[in-house]
Amino acid sequence: MRRSATLTPPLLLVAHGTRDPAGPRVVERLAEAAAARLRVPVHVAYVDVIGPTVADALRAAGDGAVVALPAFLAAGYHVRTDLPAQIAATGREDVAVCAPLGPAPEIVEAMLRRLVSAGWRPGDRVAFAAAGSSDERALADVRAAARLLGRRVGRWLTPSYVATASPATADVCGPADFVAPYLLAPGSFHRRLAELPVAGVAEPIGTHPGVIELIARRYRSAVHDRVFLRPNSPHRDSSARIGVLQRDRPA
């Protein structure tokens, strides 16, 4: 077996997609940083709204194994259903889908750093604000992230949401609160938070170094788990089938 082909597959970074140009700029910068960190080709795709599509990006990646990493902060519909379906529609059987970016300690560390930059200090109030979802499993991931951040700031944090889910951030935060956005990139949700009459609103998680390290960890875990052995190999790992690989679960 040619080990070089199996040990350094390209990475496909998959985001939701938005017409706000600030969002794709963050995803592209993450891709560039990940390529430099991992020294492998990194391609970008979007599951909705804009291109390149997943099929476009897989064609650009060429033949052979690919690691797909959902640039999402929770495992909602797009991660568990939409992305695997889009990969399956291409007929590719050599794509392993990592766990999404969040929840994870690296994401929470980035949120904490953004809070401090916004003026938050220990003892100040924090409002945890996520985009929102109708998917209960995605909401469970958000609650897990809020618990992780709560441990870092010394407070029990109950998530609030910009849209879709409740409670709404606008209804629960007050003038003494610092808002911690559980958002990867700028866009309409962050602009809505920035308009709230609060003590401060942190920037989105963005390209914090911890996020780059998390991408590298997710990628290396997928490769280390031997998900790229040839399809007929008797030692082929069952996780090589299209689907989201198991991730570290915060308590």
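Structural notes, computed from the coordinates. Within each chain, residues carry numbers counting from 1 in the order of the written sequence. The predicted nature of this model means local features are confined to residues of pLDDT at least 70 and side-chain atom pairs, given and counted, to a pLDDT of 80 or more, with totals for whole chains, interfaces and linings taken over all residues. For the side-chain quantities, the full set of heavy atoms in the structure was used; hydrogens and water were omitted.

Quick look at helix α2 (residues 22–38) now. In this model α2 runs 24 Å from its N-terminal to its C-terminal C-alpha over 17 residues, within 8% of the 24 Å that 1.5 Å per residue would give. Listed in full, the buried residues belonging to α2 are A22, G23, P24, V26, V27, L30, A31, A34 and L38. Comment: elements are numbered from the N terminus, with helices defined as DSSP H or I runs of at least four residues and strands as E runs of at least two. Of the residues one or two after α2, R39 is the one with positive phi, at around 60°. Every helix has an expected span of 1.5 Å times one less than the residues it contains. Residue exposure (1.4 Å probe, protein chains only): buried if accessible area is under 20% of the type maximum, exposed if over 50%, otherwise partly exposed.

This next bit is on the nonpolar core. Take the buried Ala, Val, Leu, Ile, Met, Phe, Trp, Tyr and Cys residues and link them wherever side-chain atoms come within 4.5 Å; each set so joined is a nonpolar core. Ranked by size, the top nonpolar core spans 56 residues in total, and within it L101, I107, F128, L149 and Y182 carry the most contacts. In contact with F128, not counting residues within four places along its chain, are M111, V142, A145, A146, L149, L157, T158, P159, S160, A180 and Y182. The next biggest cluster of nonpolar side chains, apart from the first, holds 17 residues, and it includes V14, V47, F72 and V95. The criterion used for residue contact is that any of the two residues' heavy atoms lie within 4.5 Å.

As a further point, take the packing of aromatic side chains. A pair of Phe, Tyr and Trp rings is counted when the ring centres sit within 6.5 Å of each other, with Trp represented by its six-membered ring. The angle between the planes then sorts it: under 30 degrees is stacked, over 60 is edge-to-face, the rest tilted. A complete count under the given rule lists one aromatic pair for this structure. On the basis of an interplanar angle of 35° and a centroid distance of 5.3 Å, the ring pair of F128 and Y182 is categorised as tilted. With a gap of 54 residues between them, F128 in strand β5 (residues 125–130) and Y182 in strand β7 (residues 177–182) connect regions that are remote in the sequence. Residue class for Y182 comes out buried when judged on its relative accessible area of 4%.

Moving on to the packing of helix α5 (residues 105–117) against helix α9 (residues 209–224). Look at α5 against α9: their axes get within 8 Å of each other, and the N-to-C directions meet at 175°. When the axis of α5 is compared with that of α9, the two are roughly antiparallel. Within the contact between the two elements, α5 uses P105, E106, I107 and A110 and α9 uses G210, V211, L214 and R217. Asp, Glu, Lys and Arg are counted as charged, while Ala, Val, Leu, Ile, Met, Phe, Trp, Tyr, Cys and Pro are counted as nonpolar; the rest, among them Gly, fall into the polar class. Partitioning the contact of α5 with α9 into residue classes produces five nonpolar, one polar and two charged. Here an angle of 0 to 180 degrees is reported between the N-to-C directions of two axes, which are lines fitted to C-alpha atoms, with helices fitted over the stretch in contact. Working definition: roughly parallel below 35 degrees, roughly antiparallel above 145 degrees, roughly perpendicular at 65 to 115 degrees, and oblique for all remaining angles.

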